[in-house]
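Structure at a glance
These are the residues of each chain, in order.
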Amino acid sequence: LRLALPHAGRVSLAVYDAAGAFVRELAGTVQPAGFRAVRWDGRDENGRTVAPGVYYCRMRAGDFRAIRKLVKLR
């Protein structure tokens, strides 16, 4: 997942399954402005590999909100 932050601030990036259940938090801290990449290794908060399927990544940074679909193939 690639991010472009125009201003420093708190960034929340989390993965949810297709039913909307929380899977894992990828970021939840103050980040400096700039470009960065965040990688999800296909594991949940407890380190277990999740099943293949459709997941959603929700990002919140300041007033910005976005949801992107992720497809885990294996």
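Being a predicted model, the structure only gives us computed values, none of them experimental. (Residues numbered from 1 in each chain as written. Predicted model: local features only at pLDDT ≥ 70, side-chain atom pairs only at ≥ 80, totals over all residues. Heavy atoms only, no water.)

**Some remarks on the layout of surface pockets**
There is about 380 Å³ of room inside the largest pocket. Along the wall of the largest pocket there are 20 residues; nearest its centre are A4, L5, M59, A61 and F64. Of all the secondary structure elements, the ones that give two or more residues to the lining of the largest pocket are strand 1 (2-5), strand 2 (9-17), strand 5 (53-61) and strand 6 (64-72). If you trace the second largest pocket, you find it lined by L1, V38, R39, W40, D41, G42, L70, V71 and K72. (1 Å grid on protein atoms, 1.4 Å probe; cavity = no way out; pocket = protein on both sides within 12 Å on 5 of 7 lines; lining within 4 Å. Points joined across faces, edges and corners; volume = space filled by probe spheres on them. Helix = DSSP H or I, 4+ residues; strand = E, 2+ residues; numbered from the N terminus.)

**Some details on the sheet that holds strand 3 (residues 22-31)**
Across the sheet, which stays open at both edges, the 4 strands sit in the order 3-2-5-6 with antiparallel pairing between neighbours. Edge positions in the sheet fall to strand 3 and strand 6, since each has one partner strand and no second. Across the sheet, the mean angle from the axis of one strand to that of its neighbour is 15°, orientation sign disregarded. One ladder, built from 8 bridges, connects strand 2 with strand 3; its direction is antiparallel. Bridge assignment links V11 to a residue of strand 3, and that residue is T29. (Pairing = 2+ DSSP bridges. Axes fitted to C-alpha atoms, helices over the stretch in contact; angles between N-to-C directions.)

**Thoughts on the packing of aromatic side chains**
Throughout the structure, instances matching the rule amount to 2 aromatic pairs. Relative to F22, the ring of Y16 has its centre 5.8 Å away and its plane inclined at 75°; by these criteria the two rings are edge-to-face. You can call Y16 buried: its relative accessible area is 17%. Between W40 and Y55, the aromatic rings sit 5.3 Å apart at their centres with planes inclined by 65°, giving edge-to-face as the arrangement. Note that W40 is positioned in the loop between strand 4 (34-37) and strand 5 and Y55 in strand 5, a separation of 15 residues in sequence. (Phe/Tyr/Trp six-rings, centres within 6.5 Å; stacked < 30°, edge-to-face > 60°. Buried < 20%, exposed > 50% of the residue type's maximum accessible area, 1.4 Å probe, protein only.)

**Let's talk about the side chain of D44**
For D44, the position within the fold is in the loop between strand 4 and strand 5. On the basis of relative accessibility, which here comes to 12%, the residue D44 falls in the buried class. In this structure the side chain of D44 is engaged in a polar contact, spanning 2.9 Å, whose partner is the backbone nitrogen of N46. With sequence-adjacent residues up to four places away left out, D44 is seen in contact with V23, R24 and V50. (Polar contact = N/O pair within 3.5 Å; in protein donor to acceptor, adjacent residues only side chain to side chain. Contact = heavy atoms within 4.5 Å.)

**Description of a nonpolar patch on the surface**
Together, V54, Y56, I67, V71 and L73 line one region of the surface with nonpolar side chains, adding up to about 490 Å² of accessible area. Its place among the elements puts Y56 in strand 5. (Patch = residues over 30% accessible without salt bridge, like charges linked within 9 Å, V, L, I, M, F, W, Y side chains within 5 Å. Areas by Shrake-Rupley, 256 points an atom, 1.4 Å probe, with all protein chains shown as cover. Salt bridge = Lys/Arg side-chain N within 4 Å of Asp/Glu carboxyl O.)

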